[in-house]
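Residue-level structure breakdown
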Amino acid sequence: MKPAPHLLDSLDVLEASLDAAFIFCRDSGIILAANRIAEQRYGYSLAEFLKMHVSELSAEELRAKVPAQLASVQQQGAIFEWRHRTRDNHEITVEISAHPITYLNKPAIYSNVRDISVRKSLEVERLDKQQLLEQIIDAEPGIVFVYDLIAGENVFVNRYWLNTYGYSPEKTQSLVQDMSRLVHPDDLPAVVANFEAWRVASRSEIREIEFRIRDKRGNWHWLISRETPFKFDEQGKVVQILGITQDIDTRKLAEEDRQLFVSLAERSKEMIVMLDLDLKPYFANEIALETLGIKDLGLLRHLGWQDMVVVEDHELFRDKFLVQLAARETAEIETRLRVRDSGQNLWIQCNAFKIYDSRGAAAGWACIGHDVSERKYAEILIGGQKRLLEKIANG
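This structure is a prediction, so every number in the text was calculated from the model and none was measured.

On to the sheet that holds strand E8 (residues 207-214), then. Strand order in the open sheet made by the 5 strands is E7-E6-E10-E9-E8, with antiparallel pairing throughout. Looking at the sheet topology across the chains shown, the edges are occupied by strand E7 (153-157) and E8. Recorded for the sheet is a direction-independent mean angle of 35° between the axes of neighbouring strands. Note: strand E9 (residues 220-232) against strand E10 (residues 238-247), 9 bridges, orientation antiparallel.

Attention shifts here to the pattern of salt bridges. Taken as a whole and judged by the stated rule, the model has 19 salt bridges. The salt bridge partner of aspartate 313 is arginine 336, with a shortest N-O separation of 2.8 Å. Of this pair, aspartate 313 sits in the loop between helix H12 (305-308) and helix H13 (314-328) while arginine 336 sits in strand E13 (residues 330-338), placing them 23 residues apart in sequence. Given the relative accessible area of 7%, aspartate 313 is considered buried. For arginine 336, a relative accessible area of 22% puts it in the partly exposed group. Taken together, the shared-partner salt bridges connect Glu61, Arg83, Arg85 and Glu91 into one network.

Once that is clear, we can look at the side chain of histidine 84. For histidine 84, the position within the fold is in strand E3 (residues 78-85). Residue classification places histidine 84 among the buried residues on the basis of a relative accessible area of 4%. In terms of polar contacts, histidine 84 uses its side chain to reach the side chain of tyrosine 42, at 2.6 Å. Discounting residues that sit within four places of it in the chain, histidine 84 has contacts with Tyr42, Leu57, Ser58, Ala59, His90, Glu91, Ile92, Val94, Ile96 and Val113.

Rules of the game
- Residues numbered from 1 in each chain as written.
- Predicted model: local features only at pLDDT ≥ 70, side-chain atom pairs only at ≥ 80, totals over all residues.
- Heavy atoms only, no water.
- Pairing = 2+ DSSP bridges.
- Helix = DSSP H or I, 4+ residues; strand = E, 2+ residues; numbered from the N terminus.
- Axes fitted to C-alpha atoms, helices over the stretch in contact; angles between N-to-C directions.
- Salt bridge = Lys/Arg side-chain N within 4 Å of Asp/Glu carboxyl O.
- Buried < 20%, exposed > 50% of the residue type's maximum accessible area, 1.4 Å probe, protein only.
- Polar contact = N/O pair within 3.5 Å; in protein donor to acceptor, adjacent residues only side chain to side chain.
- Contact = heavy atoms within 4.5 Å.

Just distances and angles here, no functional claims.
Below, the structure is given as structure tokens:
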């Protein structure tokens, strides 16, 4: 006797499935059939399955919710995620596709159960990595953004921008779409040209631009933005760029202070030389270069104090002046310097003191000096005449 067509079809579908598959009674919830994949995955034999209620496949905390879930699939079926427990108490996350059928002339439910534990684990791992990345980006002491060149708007900006410059996400979007309200007028042409040039950039290209933006309170801030392609269209043109932007107000103020200092130094009648913490000179005004017989600042930067102080004064310079400078952060000395282009020795009175950057960290030394050769040679002459007179007076 052949099985009824509906029975043959149901069993054929059951065994053809690559996932665990069950047929259970719609009214009682008792399992009526299970395929071999179900036996392998859950660890129960077919005989054991046929004695079980479908809720016994569920994780303990979900079993009370099974009747309501069954009721929702009895009319037109449903696809949903659930958690099942195997015979050895191993919990798996599953995706269930359940549909009402007729089995052995009785209303039943066909349930295809796919193990998605690995997929869910990867999703959780990806979410964890994404959250970690977002935390890192939000902790970045600067603006991280993705700008869409076609739409002319940011598709991502981290919290640093929102917290530091006071704009809401909505206000930020409107400002980015109208750069003239955000970027300093003097910098706007360069910013616009930078975005336009990105369309034909290479994949590995990195660009840098400095500009000013206005915060919510109306204050201007200098920024430096380092950018690289993030997304391309089908023709290989850049459509989105990734940028990391940092506030450089402190550096800009320091540069302005340095320019002011250089301007004042060049007008000074005194020799002014700036040295790093290793006493390597990196700046000298025109008077200093002319006095030392050095043609340009580049040559000066390759010299140490040993190259400028005459050999006979090395011991005095090293053991007195430098020791005093290290102990007190200020020192004064009269010493002889060698003029490089003429070989002549000059007496220089030098006052030195430690200088600090805008953060209060030691940045180097400043030396202010002037030529006292005439006085020193006069003192030597007077001293010689005095000794001569004393010798004559003493017979």
